[in-house]
Amino acid sequence: YPKVFIFDLDGVITDTAELHYLAWKKLAEGINISFDKQFNERLKGISRMESLELILQLDTSLLKLDNEQKVKLANKKNEYYLELAETINKEDVLPGVEDLLKHIKKQNIKIALGSASENAKNVVKKLGLSSYFDYIVDASKVKKGKPDPETFIIAADYFGIPYKECIGIEDAAAGIEAINKANMFSVGVGSVENLSQANYLVEDTSKLNFEEIIKKYSDKNS
Ligand code: G16
Ligand code: MG
């Protein structure tokens, strides 16, 4: 058996992407930038400041903003996001996720969260899942975001577990890249076009099955 499972938050445990999208959209419209769902795909799994930089690139006249102005905009986006996140509750946990968490806990395997969000802890609490997580790696602990492996490495090192004995679950290509670079077993949730590098792929969270993941993990490590 593996010793640690590390879960991404947005797109794996819950769909906060929609809320991030609406918050960025509101911010962008306030500074006359038009912004759509397709562009938003590029912001998934990327930190708040990096997302802002990508949005500002849509309007070259905004590139001259100084750091203080950028921080103000990023803070404003977060205010919008927190307003929307107010309503997050148990119903927002994606299908199959709590069942998988229960199976992992039952086997005494450690569970960590590996998120790029500064709001990760708060979101997990609103979802009613806090008691499952032995450790939370959020934006405050990470210097180099995904696709850098740091997020996943910090979690494994916290438990003192060899990377080979860890499993990471991700919905973003940058996240799968990070898990693979950490030499962990990667489980992708999504399409093969996006996540062809995953060691094991399921199309959505309802297909996440403990026994199946363990089987694929053992096949690879034997
Ligand atoms: C999430 C989202 C990103 C968001 C980032 C930072 O990452 O996917 O779109 O920009 O967190 O969020 P915040 O503004 O709350 O710090 P993850 O790693 O949970 O998929
Ligand atoms: Mg994600």
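Note that the structure is a prediction, hence the values are computed from the model and not measured. (Residues numbered from 1 in each chain as written. Chains lettered and ligands numbered in written order. Predicted model: local features only at pLDDT ≥ 70, side-chain atom pairs only at ≥ 80, totals over all residues.)

**Student:** Would you mind going over the site of ligand 1 with me for this structure?
**Tutor:** Not every one of the 20 residues close to ligand 1 is listed here, only the nearest: Leu9, Asp10, Ser115, Ala116 and Ser117. Of all the secondary structure elements, the ones that give two or more residues to the shell around ligand 1 are helix H1 (17-30) and helix H3 (48-56). Split by residue class, the shell around ligand 1 holds 6 nonpolar, 9 polar and 5 charged. (Near = placed C-beta within 6 Å. Helix = DSSP H or I, 4+ residues; strand = E, 2+ residues; numbered from the N terminus. Nonpolar A, V, L, I, M, F, W, Y, C, P; charged D, E, K, R; others polar.)

**Student:** Even after reading the chapter, I still don't get the sheet that holds strand S1 (residues 4-7), so can you show me in this structure?
**Tutor:** Remark on secondary structure: sheet strands pair via backbone hydrogen bonds, oriented parallel or antiparallel. Here 6 strands make up an open sheet; going across it, the order is S3-S2-S1-S4-S5-S6 and the pairing parallel. Only two strands of the sheet have a single partner each, and these edge strands are strand S3 (135-137) and strand S6 (200-202). Taking the axes of each pair of neighbouring strands and ignoring which way they run, one obtains an average angle of 20° across the sheet. (Pairing = 2+ DSSP bridges. Axes fitted to C-alpha atoms, helices over the stretch in contact; angles between N-to-C directions.)

**Student:** I keep staring at the pairing of strand S5 (residues 185-189) and nothing clicks. Help me out?
**Tutor:** Regular strands place side chains that alternate from one sheet face to the opposite one. With respect to burial, S5 is a largely interior element, 5 of its 5 residues being buried. Alternating positions in S5 separate into two faces, Phe185, Val187 and Val189 on one and Ser186 and Gly188 on the other, with burial throughout. Note: strand S4 (residues 166-170) against S5, 4 bridges, orientation parallel. What sits directly across from Glu170, in S5, is Gly188. Once you follow S4 into helix H8 (residues 173-181) and on to S5, the crossover reads as right-handed. Across 3 bridges, S5 lies against S6 in parallel orientation. Bridging across to S6, Val187 finds its partner in Tyr200. (Buried ≥ 20, exposed ≤ 12 C-beta atoms within 10 Å, placed from the backbone. Right-handed = clockwise from strand over helix to strand, strands pointing away.)

**Student:** Teacher, can you tell me more about the UniProt feature "active site" (unreviewed entry) in the protein chain here?
**Tutor:** Sequence positions flagged by UniProt for "active site" (unreviewed entry) are, in local numbering, Asp8 and Asp10. Position of Asp8 relative to the elements: it lies in the loop between S1 and H1. Not counting the four nearest positions on each side in its chain, Asp8 is found in contact with Gly114, Ser115, Ile169, Glu170, Asp171 and Gly175. Position of Asp10 relative to the elements: it lies in the loop between S1 and H1. Residue Asp10 is classed as buried on the basis of its 23 C-beta neighbours within 10 Å. (UniProt positions renumbered as here; feature names shortened; annotations may be inferred. Contact = placed C-beta atoms within 7 Å.)

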